[in-house]
Amino acid sequence: MEPSDVSSVTRDQPAPTKPPNTSSFPAIRKHATTFRNKLTTKHGWLGDYDYAWLCLPTLPFSISGNKPVRRPPPFYGVEAELPLLLAMSCGLQHALAMLAGLITPPIILASSLMLDTQTSAYMISASLISCGILSLVQMSRIGLWKGYYLGTGLLSVVGTSFATLSTANAIFDTMYNDGTCPSTVASDGTVTRGACPDAYGMVLGTSLICSFLEIGLSFIPPRTLQRIFPPIVTGTVIIMIGASLIGTSGILNWGGGSNGCQTRPTSGLYQLCPTVDSPHALLWGSPQFIGLGFLSFVSIVLTELFGSPFLKNASIIVGLAVGCIVAGAAGYVDGSSIKSAPAITFLWLVGVPVYTFKLRVYPAAILPMLAVYVSTTMEAIGDITASAEVSRLNVDDEEFDSRVQGGVLSDGMGGFLSALFTVTPLSIFAQNNGVIALTRCASRTAGRWCCAFLILFGVFGKISGFFLAIPDPVLGGVTTFLFASVVVSGFRVLSYVHYTRRDRFILAAAMSFGFGDLLVPDIFTYLFQGVKNPGSGLQGLFDSITIILSTPCKYQIFTAPAFLASGLVAVILNLILPQEMLQVETSEHH
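A brief look at the structure comes next. (Residues numbered from 1 in each chain as written. Predicted model: local features only at pLDDT ≥ 70, side-chain atom pairs only at ≥ 80, totals over all residues. Heavy atoms only, no water.)

So, the nonpolar core
The criterion, for reference: Remark: nonpolar core denotes a set of buried residues (Ala, Val, Leu, Ile, Met, Phe, Trp, Tyr, Cys) joined through side-chain atoms within 4.5 Å. When a residue's accessible area, from a 1.4 Å probe over protein chains only, is under 20% of the maximum for its type it is buried; when over 50% it is exposed; and in between it is partly exposed. Comment: elements are numbered from the N terminus, with helices defined as DSSP H or I runs of at least four residues and strands as E runs of at least two. Whether two residues touch is decided by their heavy atoms; if any such pair falls within 4.5 Å, the residues are in contact.
In terms of nonpolar packing, the biggest core is built from 137 residues, with Ile 103, Leu 128, Phe 172 and Leu 320 touching the most fellow members. The element contributing the most residues to this core is helix α5 (residues 84-112), with 14 residues. Setting aside residues no more than four positions away along its own chain, Leu 320 makes contact with Ala 100, Ile 103, Ile 470, Val 474, Leu 475 and Val 478.

A short note on the pattern of salt bridges
Defined as follows: Salt bridge, as applied in this entry: a Lys or Arg side-chain nitrogen positioned within 4 Å of an Asp or Glu carboxyl oxygen.
Going through the model one piece at a time under the given rule, you end up with 6 salt bridges. Here Glu 399 ties to Arg 403 by a salt bridge, and the two come within 2.6 Å at their closest N and O atoms. On the criterion of helical spacing, the pair formed by Glu 399 and Arg 403 is a turn pair, its members being 4 residues apart in helix α16 (residues 398-420). Take Glu 399: its relative accessible area is 41%, and that puts it in the partly exposed class.

Section: the environment of Ala 341
Positionally, Ala 341 belongs in the loop between α14 (336-340) and α15 (366-390). In this structure Ala 341 comes out as buried when scored by relative accessible area, which is 5%. Sequence separation of Ala 341 and Phe 466 is 125 residues, and the distance between their C-alpha atoms is 8.7 Å. Other than its neighbours up to four places away in sequence, Ala 341 contacts Gly 461, Lys 462 and Gly 465.

Quick word on the environment of Phe 542
Along the polypeptide, Phe 542 turns up in helix α22 (residues 536-549). The class for Phe 542 is buried, based on a relative accessible area of 9%. When the C-alpha positions of Phe 542 and Leu 527 are compared, they lie 8.8 Å apart, and in sequence the two are 15 residues distant. Every residue in contact with Phe 542, bar those within four places of it in the chain, is listed here: Phe 528, Val 531 and Pro 534.

Regarding a nonpolar patch on the surface
Operational definition: Here a patch means residues that are over 30% exposed by relative accessible area and free of salt bridges, tied together within 9 Å if like-charged and within 5 Å if nonpolar (Val, Leu, Ile, Met, Phe, Trp, Tyr). For the area figures, the Shrake-Rupley method with a 1.4 Å probe applies, and any residue is considered shielded solely by the protein chains shown.
Residues Leu 39, Trp 45, Leu 46 and Leu 85 make up a contiguous nonpolar surface patch of roughly 310 Å² in combined accessible area. Within the secondary structure, Leu 39 is located in helix α2 (residues 26-40).

Written out as structure tokens, the structure is:
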């Protein structure tokens, strides 16, 4: 080898590698340092937040006549770092704000199926735990493929959809009517329902397979979904959901119960509310029941009038607490559910009390449950838009579109997983946007603490037993306000409508079916009675259509899921009526 070749080989050798960096994983070290500072410094615990503004009560007037004005705290964005105390307090406010909405559906569903207290308490725990877990998924923003995401990346929490509650009750009524669930008829015509846990399993199984509809809708461009489901459709549906729940649950429970005692039968277990064996059992509509519900309702109003921002966010819980204290002192509270509830429970956990349901498909429930998932898709789009606006993020760019896509996909996946968690379909909760606006904190850190509190509430079974012990009038006074808030949310969505001639026509047609079903829920009950000897498949189709249009009113209560019929009419008319009618309306004003 020539000397020149040797020098060339020497020159072309790679440079020596640097020794391994002993201070590796800088990101981990950074997070560890941040965590240590949070735990060991005053600023890490308290920060610069004005806790006096958060906790001190407010007065609607002042003695001097000049109402004091306090400067609000700074706004914390989605990715902002929060001091520990602020993160925990904001998370607790979010948990308390949605707590009543999470415990109400399982209580009502268990009451509709006459389930025992142990099963009912477990359903409450499962609802709280599932909502905590799936809210963490919804708040994430996991990249999938080709620009698709899972989750919104916002402080978006999920809970049991009220659309599901209304539809499930209608499905249960159909099951009792066709003999799927047991019931007896007394000599005076009084109907007594038997326990039917299998009906709940059928709703869960049907919900599981129908969840793929929303999963599929999540891959449709959000702009296309918004054209199919504009505010004129979503607002109508939300109004009908809230209105139907006021009639099927809120007011009935305010009067004493919704388990059949509202018909005031002359004999049987439900001659008195909630049953003849209950402490202080009375006739439905008794002044004592009305007074208890009114006390809870007024407590919510007074909290809004005088309470601190923290208490205002938890006004529903304040109403429940005041009503329960007075009801307990008067002897209206049955503590057996607290005693029988387990100390600890969790989903699928071996060694703790867990209740399962046979997952099966009820054919007549398929079409209504598909409509429910269309409704939850509409709710998700509107709620994600509101969450982005209150979080001070753009709502007209590609990033927002990806948040909508990820939120709808997470909603659909949540419907699939919730069925496995023994919980009915979930949807994004809108009331938490009010908490963000009031506390000026949109950080996902607060949302994660909210999820931790929800899971904690669900794990401790005695808490679920306490919720189950809440007297029906107290629950009714609170849920009537809660369901009315859903109606107001629908009106807010309709405020985006321009109310052209076309818009007014669509609303009138949709409301015709919606309020018609609410006021006369059995109008379509006899639609298919003239069909002689239909097969099982055809009968299932008839039952599905009947559930969508109305529900047999054997118990003389408003059980029609009116939002299904009104939403369907609004969607069809919005698609077929030409937009050119807007020009006609404009010319009329000139």
